[in-house]
Amino acid sequence: MSTNSRKAELSANLERVRERIARAAAGRPAEPELIVVTKFFPASDVALLHDLGVRDVGENRDQEAAAKAAELAGRGLRWHFIGQLQTNKAKSVVQYADLLHSVDRPQLIQALRKAMAAEQQRRQAAGLEPRADLGCLIQVDLDESDLPKAAGTAARGGARPGEIRALADALQEAEGLAPAGLMAVAPLGADPARAFGRLAELSHRLKEEHPGAGMVSAGMSQDLEAAVAAGATHLRVGSDVLGPRPAVR
Ligand SMILES: *Cc1c(COP(=O)(O)O)cnc(C)c1O
């Protein structure tokens, strides 16, 4: 596909998504921010989205995200890391990510704290400005089913609601990190309105202790309307802007 027709396609998709958000947000105090999830798609698409006014992009794999962020440096894009993060990737992620949506365990917070300290030293040694604190959202597992999860094998879908408070306190204490809010994916087969309503309640409680942690990252292509209705502040939309992703890679 030529660059021009790809740009026209992205523009039309983006407009449709923005209209859906505006319709869903009618009568609400504020419209949520759109983060366009560009995983699986090339940096050239991110550049076209930037031309179309997109500034917030989401990625879920460090290697892919780091390469795109390096290629598109200097354009004022904000990189949201939305995927599960292994502790050994913390050092790389803090070099480009503005916000991390997937904090789910104390060990990751410790790895990020060390990585931030090393990153500030690296910048100082290179004569660069220090970076801003890394805003961290706690990913919450909203699955209410009692099915046992295979210990240690299945990919974690986030922290349990009862773990939020301790994780937020740990983020507050960790130099270079700041608790920014909550993130969730509606559990498969669950009613997204109910799941996002629960997330809103948890956010309300978190803000009593951490007033700066007001982000609520919820809603994807399929369920963005339910997320807006429940008061999400940030939506993560991929396929309805970029098109279908390959199923496997
Ligand atoms: C891929 C992804 C999205 C975007 O999903 P779409 O259905 O393509 O809109 C949102 N959030 C997370 C955590 C993702 O991994």
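All values reported here derive from a predicted model rather than from experimental measurement.

S.K.: I'd like a description of the overall build of the protein chain, backed by residues and values.
M.R.: Tallying secondary structure elements over the protein chain gives nine helices and eight strands in all. Over its C-alpha atoms the protein chain spans a radius of gyration of 18 Å, differing by no more than 12% from the 18 Å that the globule rule assigns to 249 residues. Expressed along its principal axes, the backbone C-alpha trace of the protein chain runs to roughly 50 × 50 × 40 Å. Burial status across the protein chain gives 46% buried among its 249 residues. Within the protein chain, contacts between residues at least 6 apart in sequence are counted, and of these 59% link residues at least 24 apart. Accessible surface, the protein chain: about 12,500 Å² in total, of which carbon and sulfur atoms supply 50%. Put simply, the protein chain has 32 plus and 32 minus side-chain charges, and the middle of one group is 3 Å from the middle of the other.

S.K.: I'd like a description of the pattern of salt bridges, backed by residues and values.
M.R.: Inspection of the entire model under this criterion finds 16 salt bridges. For Glu 225, the salt bridge is made with Arg 20, and the minimal N-O distance between the two is 2.8 Å. One end of the pair, Glu 225, is in helix α8 (residues 224-229); the other, Arg 20, is in helix α1 (residues 3-25), with 205 residues separating them in the sequence. Residue Glu 225 is classed as partly exposed on the basis of its relative accessible area of 32%. We note a salt bridge from Arg 165 to Glu 209, for which the minimum N-O separation is 3.5 Å. One end of the pair, Arg 165, is in helix α6 (residues 164-173); the other, Glu 209, is in helix α7 (residues 192-209), with 44 residues separating them in the sequence. Among the charged side chains, a salt-bridge network with shared partners connects Glu 59, Arg 61, Glu 64 and Lys 68.

S.K.: Quick one: what's the story with the pairing of strand β8 (residues 234-237), residue by residue and with numbers?
M.R.: Moving residue by residue along a regular strand, the side chains alternate between the two faces of the sheet. On β8, burial covers both faces: His 234 and Arg 236 on one face and Leu 235 and Val 237 on the other are all buried. The pairing of strand β1 (residues 33-37) with β8 spans four bridges and is classified as parallel. Residue pairing across strands places Glu 33 opposite His 234, the latter belonging to β8.

S.K.: Let's hear about the site of the ligand: which residues, and what values?
M.R.: Taken together, Val 37, Lys 39, Ile 82, Met 183, Met 220, Ser 221, Arg 236, Val 237, Gly 238, Ser 239 and Arg 245 make up all the residues around the ligand. Measuring from an oxygen atom of the ligand, one finds a side-chain N or O atom of Ser 221 at 2.5 Å. Residues of the shell around the ligand, tallied by class, amount to five nonpolar, three polar and three charged.

S.K.: Describe in detail the layout of surface pockets, supporting the description with residues and values.
M.R.: Its volume calculated, the second largest pocket comes out at about 350 Å³. Lining the second largest pocket are 20 residues, and of these Leu 77, Trp 79, Gln 95, Tyr 96 and Asp 98 lie nearest its centre. Within the residue set of the lining of the second largest pocket, elements represented by two or more residues are α3 (62-71) and β3 (78-81). Here the lining of the second largest pocket gets three residues from one element, more than from any other, and that element is α3. A per-class count over the lining of the second largest pocket returns 11 nonpolar, three polar and six charged.

S.K.: Let's hear about α3: which residues, and what values?
M.R.: If you check which residues of α3 are buried, you get Asp 62, Glu 64, Ala 65, Lys 68 and Ala 69. Down the axis of α3, the buried set is contained in an arc of 160°. They therefore lie on one face. Facing away from the buried surface of α3 by more than 90 degrees, the exposed residues are Gln 63, Ala 70 and Glu 71. The elements touched by buried residues of α3 are α2 (43-51), β2 (56-59), β3 and α4 (90-93).

S.K.: Could you give an account of helix α5 (residues 106-125), naming the residues involved and the relevant values?
M.R.: Helix length check: α5 (20 residues) gives 29 Å between terminal C-alpha atoms against 28 Å at 1.5 Å per residue, within 8%. Residues of α5 that are buried: Leu 108, Ile 109, Ala 111, Leu 112, Ala 115, Met 116, Glu 119 and Arg 123. Relative to the axis of α5, the buried residues are bounded by an arc of 155° and lie together on one face. Opposite the buried face of α5, at more than 90 degrees from it, the exposed residues are Pro 106, Lys 114, Gln 121, Gln 124 and Ala 125. On its buried side, α5 packs onto α4, β4 (99-103), β5 (134-139), α6 and β6 (177-183). Two residues or fewer after α5 comes Gly 127, characterised by a positive phi angle close to 75°.

The rules behind these values
Residues numbered from 1 in each chain as written. Predicted model: local features only at pLDDT ≥ 70, side-chain atom pairs only at ≥ 80, totals over all residues. Heavy atoms only, no water. Helix = DSSP H or I, 4+ residues; strand = E, 2+ residues; numbered from the N terminus. Rg over C-alpha atoms; globule rule 2.2 N^0.38 Å. Buried < 20%, exposed > 50% of the residue type's maximum accessible area, 1.4 Å probe, protein only. Contact = heavy atoms within 4.5 Å. Areas by Shrake-Rupley, 256 points an atom, 1.4 Å probe, with all protein chains shown as cover. Lys, Arg positive; Asp, Glu negative; His and termini not counted. Charge placed at Lys NZ, Arg CZ, Asp CG, Glu CD. Salt bridge = Lys/Arg side-chain N within 4 Å of Asp/Glu carboxyl O. Pairing = 2+ DSSP bridges. Near = heavy atom within 4 Å. Polar contact = N/O pair within 3.5 Å; in protein donor to acceptor, adjacent residues only side chain to side chain. Nonpolar A, V, L, I, M, F, W, Y, C, P; charged D, E, K, R; others polar. 1 Å grid on protein atoms, 1.4 Å probe; cavity = no way out; pocket = protein on both sides within 12 Å on 5 of 7 lines; lining within 4 Å. Points joined across faces, edges and corners; volume = space filled by probe spheres on them. Arc of directions from axis to C-beta. Expected span 1.5 Å × (residues − 1).

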